[in-house]
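Summary of the model geometry
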Amino acid sequence: MTALTVLGVVLTGCGSPEVSRTAALAPPESPTAVPTVRAEERPPTMAPGPQGLTPVFERRAAGADGGTPAADKVVALTFDADMTADQGARAAAGEHFDNPGLIALLRRLRVPSTVFMTGRWAQEYPSQARSIGTDPLFEIANHSYSHYAFATPCYGLPVVAKADMRADVERAFTAIRKTGARNVVPYFRFPGGCYDDASLKALAPTGVTAVQWDVVSGDAFATDADAVAEQVLAGVEPGSLVVMHCTRSAAPVTDRALLRVIPELRERGYRFVKVSELMRG
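Treat the numbers as computed from the prediction; the structure is a model and nothing was measured.

1. Focus on the environment of Arg130
Along the chain, the position of Arg130 falls in helix H5 (residues 126-133). Overall, the relative accessible area of 38% leaves Arg130 in the partly exposed class. Here the alpha-carbon distance between Arg130 and Ile176, two residues 46 residues apart in the chain, equals 8.2 Å.

Shown next, in the form of structure tokens:
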């Protein structure tokens with residue numbers, strides 16, 4: 001695997017940005033008024049890498065905004081809502097690929113977060129996808145449609161053919177937006193975090209920025225909430241990006257781990273942000 005990490009961040013227009021409050025309140029007698037969107041309201045993306053490859057964002061570099069160390073004490077919690085294309089029968093039999101309790105906890109504690117959602121998850125839980133995607137506390141990013149791997153080896157996941165990668169990502173965006181979700185950002189997380197130059201090239205036409213992480217929570221299939229919490233707390237630094245999961249069947253202790261992680265990081269002076277804010281810095 002060739003890890004391409006592009007450090008320069010630029011703001012570009014993308015997605016379907018929300019109209020500014022000023023434009024939204026334009027008087028009805030001005031029918032020709034064109035709504036405008038301030039640059040800071042658009043989700044930031046990164047410039048393409050060498051040979052036009054999809055750029056990869058892993059964390060904010062400490063001190064990138066020129067501020068004090070305290071100003072840099074931000075961390076992004078991200079949650080993968082995994083579900084493969086062929087797991088419908090398991091969901092019908094009662095397996096829970098969602099975790100509404102975790103989302104409720106984030107709301108109660110007022111923790112801005114980014115959910116990386118597969119298109120199949122959105123189709124299985126459309127009301128939850130819409131609820132998350134219309135809540136300003138959250139933003140939804142793309143985690144592929146089927147949660148198949150985009151490079152191999154990748155933890156035994158089935159592999160998407162290179163010719164189908166772009167369509168898979170676009171299909172996921174379509175499925176997510178069909179639920180009514182509006183806070184959808186042009187970011188993509190590779191299933192399993194597995195990618196190579198061929199997959200970065202295949203996704204370049206979609207205009208997404210690939211988002212990885214620098215802190216692995218270890219919550220997947222974990223049974224010890226304290227161990228997950230300790231791993232996160234030990235790894236977080238200013239500007240960190242943490243990967244966790246939003247599936248009860250595959251990550252049953254994530255919400256319990258957060259009950260420790262969130263207050264302890266706040267005691268250390270950290271502020272929680274969405275990936276878009278972390279990238280904007």
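2. Thoughts on the pairing of strand S5 (residues 113-117)
Among the five residues that make up S5, five are buried, leaving the element largely enclosed by the rest of the structure. Pairing between strand S4 (residues 74-81) and S5: four bridges, direction parallel. By the bridge assignment, Ala81 is partnered in S5 with Met117.

3. What about the pattern of salt bridges?
Opposite charge on two side chains lets them pair, provided their charged atoms get close. What the rule picks out here adds up to 12 salt bridges. Linking Glu95 and Arg90 is a salt bridge whose minimum nitrogen-to-oxygen distance equals 2.8 Å. Linking Arg107 and Asp135 is a salt bridge whose minimum nitrogen-to-oxygen distance equals 2.7 Å. Of this pair, Arg107 sits in helix H3 (residues 100-108) while Asp135 is found in the loop between H5 and strand S6 (138-142), placing the two residues 28 residues apart along the sequence.

4. Concerning the layout of surface pockets
The calculated volume of the largest pocket comes to roughly 700 Å³. Around the largest pocket, the lining is made up of 28 residues, and of these Asp82, His147, Ala220, Phe221 and His245 lie nearest the centre. A per-class count over the lining of the largest pocket returns 11 nonpolar, 11 polar and six charged.

5. Remarks on the pairing of strand S7 (residues 184-188)
Burial of S7 is extensive: five of the five residues sit out of reach of the surface. The side-chain alternation of S7 yields two buried faces, one formed by Val184, Pro186 and Phe188 and the other by Val185 and Tyr187. Two elements, S6 and S7, share two bridges in a ladder whose sense is parallel. Following the sheet pairing, Ile140 is matched in S7 by Val184. In this view, the connection linking S6 to its parallel neighbour S7 by way of helix H6 (residues 165-178) has right-handed handedness. A crossover connection joins S7 to the parallel strand S8 (residues 209-211) through helix H7 (residues 197-203); in handedness this β-α-β unit is right-handed.

6. What to know about the nonpolar core
The biggest cluster of nonpolar side chains holds 59 residues, and the ones touching the most others in it are Leu106, Met117, Trp121 and Leu258. Not counting the four nearest positions on each side in its chain, Met117 is found in contact with Ala81, Ala122, Ala129, Ile132, Ile140, Ala141, Asn142, His143, Ser144 and Ile176. Residues Phe116, Tyr187, Val211 and Val273 belong to the second largest nonpolar core, which totals 14 residues.

About the criteria used
Residues numbered from 1 in each chain as written. Predicted model: local features only at pLDDT ≥ 70, side-chain atom pairs only at ≥ 80, totals over all residues. Heavy atoms only, no water. Helix = DSSP H or I, 4+ residues; strand = E, 2+ residues; numbered from the N terminus. Buried < 20%, exposed > 50% of the residue type's maximum accessible area, 1.4 Å probe, protein only. Pairing = 2+ DSSP bridges. Salt bridge = Lys/Arg side-chain N within 4 Å of Asp/Glu carboxyl O. 1 Å grid on protein atoms, 1.4 Å probe; cavity = no way out; pocket = protein on both sides within 12 Å on 5 of 7 lines; lining within 4 Å. Points joined across faces, edges and corners; volume = space filled by probe spheres on them. Nonpolar A, V, L, I, M, F, W, Y, C, P; charged D, E, K, R; others polar. Right-handed = clockwise from strand over helix to strand, strands pointing away. Core = buried A, V, L, I, M, F, W, Y, C linked by side-chain atoms within 4.5 Å. Contact = heavy atoms within 4.5 Å.

By themselves, these figures tell us nothing about what the structure is for.
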